[in-house]
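What follows is the residue order along each chain.
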Amino acid sequence: MQRNIWLMAISVIVVSILLNNTVYYFLTKKTLEDSFNEELLAHAKRLEVSLEQSRQGAELFQDQIGRELRTASIAAQYALDSDVEKVTNEQLAELSKKLGISHITLLKRLPDDIILYKSSDESQLGKSTKTWKPWYQVFNQLFDEKNASVDWLGQTLPNFWSGPFEVSSTDVDKINKWGYYYDGATNYIVDPYVGYDRQEEYENATGVHRMIENSLQSSDSLLEIAFINPETFPDGENTIHPNGDVQGHKVQAPIFYGSYTMKSEKDTELVRKAYLTKEMVTHKENIGGREIFKMFIPVFSDERGINITDRDGIPMNSYVLSLTSDYHIIQEKLDAQFLNLGFIIIILTGFSLIIALVAMRYYRQSRDKAVRVTQETYVEEINQLFQSIRAQRHDFLNHVQTIHSLAELDKSKELVAYTKELTGDIRLMNDIINIGNPAIAALIRSKISQAESYKIQFSCSFTGLNMQEMGVKTLDVNRMLGNLIDNAFDEVLKYSEDRRHVTLVGKQTDEELEFTISNTCEQAEETVTKPIFDAGYSTKQQDHQGLGLSIVKSIAEQYKGSVYVTAEPTGKLTFILIIPL
């Protein structure tokens, strides 16, 4: 039975530890996942700022190209005749080489159109611009000697306007940046332009493309980065020419920087949601057998705008930055951290179990030792009790013979005295036997023997005691009674033998258990005013540590009981111990 109790206790401890560690594991797992998501978001924000700075730098470089085109336009105007009819295509080809630009085209104004009249690129000759929006509007403004003021992308300088890099209408396979200059000194607009290769070289070296490449190389989980036009995503916007050519528009491209290969049917909806709500949107999905984690972050550039437009050609000042990560790598990192956490939990669990087992073993040994010492004490005291009873039975015949002799000799006074003494001894022994608890009875008998050896008149009286149903541990009752009796003995030993009186009265009711111990004390009234129940306080000399009465009070309070002391006018000190049942 005892073994089962210990096994049950250990099982409860093990289950409690495992339950606690399980809860701790999942809470830590969630904390790690939240921390990783926050770290990934912080990385995305840093990347957003860096990429935005690089993008703005690339656009500033594009503006610098525009200023160079204006300078080339002015140089070409000085080198050419002011009359477009007197300028040859060969002159334009030679001049474009000297100025280090791709080509130069001269635009002539007709009554109902503006055409590409002369050019170093013969494929452009004779092309109408009437359908080019908003270029045609800009050309008319320049010919009217007004600065360009269209609500569109581009760079406006005195007598000059340059649009962003765009797909050529005359050659859909090329992307160029054109500049247009007219100050009234000629009858044509000077139109120098360059290919996208210069801008691309800058971006690959220091701009957005380089930043994207570096970001992908420095991250083991990042797969691709894309700058998304939310108004034209995912198909973009194209123009179909009368000859059947399909012209894409760079300013309306769905992806204007980066790459977009990890496609999902939900991407369009998520990009739109991020753009309209102006909040980051995340999504996890299995794409091509891989667990993919995507972030869509809206970015706004109110100060300067971006070289992109919506499907109607209206300039935009915002876009969506898309980051695509391999969630499997992210999960591997989390699993590695969880594995380390698991090892820690196992070690702590094992260590906790070892401590628990050692503590229980120590407690069990201490308890067994206390029980063994108590049992040995009780056995010794009970043996003394039974030895006294056997001695009384052995002496019974002698007592009878003595009584008979005193009766024959007619010594009535001596007979009365002898029988009175014998009756008191028998009554005291019967009271002890009737206590009902052998251990406590043994303690009282032991104290009686001790009192006899000290020449102390120790009288006991017990009423209604049923110690086996009193609800208090026998060991604790013995500790309290033993300390109170020892305290009384120590006090009366200060006086002569005729004044060594100690009285113990015990009684039990349905409500409480009460013991009263009185002893001779000349300084009774002074003693009750002192902290005699405080640990360490003692009125005795020699080696007394002042713990006896403190122990009595501590045990009584454990059972919601009390102990207090009173001074009797007759020079007695009385301790009253009450334990509720």
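All figures in this text were calculated on a predicted structure; none of them were measured in a lab. (Residues numbered from 1 in each chain as written. Predicted model: local features only at pLDDT ≥ 70, side-chain atom pairs only at ≥ 80, totals over all residues. Heavy atoms only, no water.)

Our focus in this paragraph is the pairing of strand 15 (residues 457–463). Burial of strand 15 is one-sided: the residues Phe 458, Cys 460 and Phe 462 facing one way are buried, the residues Gln 457, Ser 459, Ser 461 and Thr 463 facing the other way are not. With 7 bridges connecting them, strand 15 and strand 16 (residues 501–508) associate as parallel partners. Looking at strand 16, one finds that Phe 462 is bridged to Gly 506. (Buried < 20%, exposed > 50% of the residue type's maximum accessible area, 1.4 Å probe, protein only. Helix = DSSP H or I, 4+ residues; strand = E, 2+ residues; numbered from the N terminus. Pairing = 2+ DSSP bridges.)

Geometry of a packed helix pair, given as the angle between the helix axes and the separation of the axes. One can describe the packing of helix 9 (residues 438–454) onto helix 10 (residues 474–492) by two numbers: an axis separation of 10 Å at closest approach and a directional angle of 15°. Considered as vectors, helix 9 and helix 10 are oriented roughly parallel to each other. The crossing of helix 9 and helix 10 is right-handed. When helix 9 is examined against helix 10, the residues Ala 439, Ile 440, Leu 443, Ile 444, Lys 447, Gln 450 and Ala 451 are found in contact with a partner set consisting of Thr 474, Val 477, Asn 478, Leu 481, Gly 482, Ile 485, Asp 486 and Phe 489. (Axes fitted to C-alpha atoms, helices over the stretch in contact; angles between N-to-C directions. Parallel < 35°, antiparallel > 145°, perpendicular 65-115°, else oblique. Left-handed = near helix turned anticlockwise from the far one by under 90°. Contact = heavy atoms within 4.5 Å.)

Moving on, we come to empty space enclosed by the protein. A full pass over the atoms with the stated rule returns 2 cavities of 30 Å³ or more. The volume enclosed by the largest cavity comes to roughly 160 Å³. Around the largest cavity, the lining comprises 15 residues; the ones closest to its centre are Gln 62, Lys 250, Phe 256, Tyr 257 and Asn 307. When contributions to the lining of the largest cavity are tallied by element, the ones reaching two or more residues are helix 1 (2–79), helix 4 (197–205) and strand 11 (255–258). By residue class, the composition of the lining of the largest cavity is 8 nonpolar, 3 polar and 4 charged. Contributing to the lining of the second largest cavity are Leu 40, His 43, Ala 44, Leu 222, Phe 293, Met 295, Leu 323 and Ser 325. (1 Å grid on protein atoms, 1.4 Å probe; cavity = no way out; pocket = protein on both sides within 12 Å on 5 of 7 lines; lining within 4 Å. Points joined across faces, edges and corners; volume = space filled by probe spheres on them. Nonpolar A, V, L, I, M, F, W, Y, C, P; charged D, E, K, R; others polar.)

This part is about unusual backbone geometry. Cis peptide bonds are those with omega within 30 degrees of zero, and the linkage from Lys 133 to Pro 134 qualifies with 0°. Along the chain, Phe 233 connects to Pro 234 via a cis peptide bond; the corresponding omega equals 10°. A positive phi angle, close to 60°, is found at Lys 455, a residue other than glycine. Looking at the element boundaries, Lys 455 is found in the loop between helix 9 and strand 15. In this model, Lys 560 sits at a positive phi of 60°, which is unusual for a non-glycine residue. Topologically, Lys 560 is positioned in the loop between helix 12 (548–558) and strand 18 (562–568).

For soluble globular proteins, the rule of thumb is that nonpolar side chains tend to be buried together. Counting 39 residues, the largest nonpolar core has Ile 444, Phe 458, Val 502, Leu 504, Phe 575, Leu 577 and Ile 579 as its most contacted members. Looking at this core element by element, the count peaks at 8 residues for helix 10. Dropping the residues within four chain positions of it, Val 502 is found in contact with Ile 456, Gln 457, Phe 458, Ser 459, Ala 488, Phe 489, Val 492, Ile 517, Ser 518 and Asn 519. Formed by 33 residues, the second largest nonpolar core is a distinct cluster that contains Ala 44, Val 271, Met 316 and Val 320. (Core = buried A, V, L, I, M, F, W, Y, C linked by side-chain atoms within 4.5 Å.)

For the rest of this paragraph, the subject is the packing of aromatic side chains. Taken as a whole and judged by the stated rule, the model has 14 aromatic pairs. With a centroid separation of 5.9 Å and an interplanar angle of 85°, the aromatic rings of Trp 135 and Trp 161 are classed as edge-to-face. On the criterion of sequence distance, the pair formed by Trp 135 in helix 3 (residues 135–143) and Trp 161 in strand 4 (residues 160–162) is long-range, its members being 26 residues apart. For the pair Trp 135 and Trp 161, a shared accessibility class is recorded, and that class is buried. Aromatic rings pair up to connect Trp 135, Phe 139, Trp 161 and Tyr 180 into one cluster. Arg 499 extends its terminal NZ or CZ atom over the ring of Tyr 495, reaching a point 5.1 Å from the ring centre. (Phe/Tyr/Trp six-rings, centres within 6.5 Å; stacked < 30°, edge-to-face > 60°. Lys NZ or Arg CZ within 6 Å of the ring centre and 35° of its normal.)

A few words on the sheet that holds strand 12 (residues 281–287). Taken together, 5 strands build an open sheet; the order of strands is 11-8-14-13-12 and the sheet is antiparallel. Strands at the two margins of the open sheet, each flanked by one partner only, are strand 11 and strand 12. If you compare each strand with its neighbour and ignore which way they point, the axes differ by 25° on average. Alignment of strand 13 (residues 290–300) against strand 14 (residues 318–326), held across 9 bridges, turns out to be antiparallel. Looking at strand 14, one finds that Val 299 is bridged to Tyr 319.

Further remarks concern the environment of Tyr 136. Locating Tyr 136 in the fold gives a position in helix 3. Sequence separation of Tyr 136 and Ile 115 is 21 residues, and the distance between their C-alpha atoms is 9.8 Å. With residues up to four places along the chain from it excluded, the contact list for Tyr 136 reads Asp 112, Asp 113, Ile 114, Thr 129 and Lys 130.

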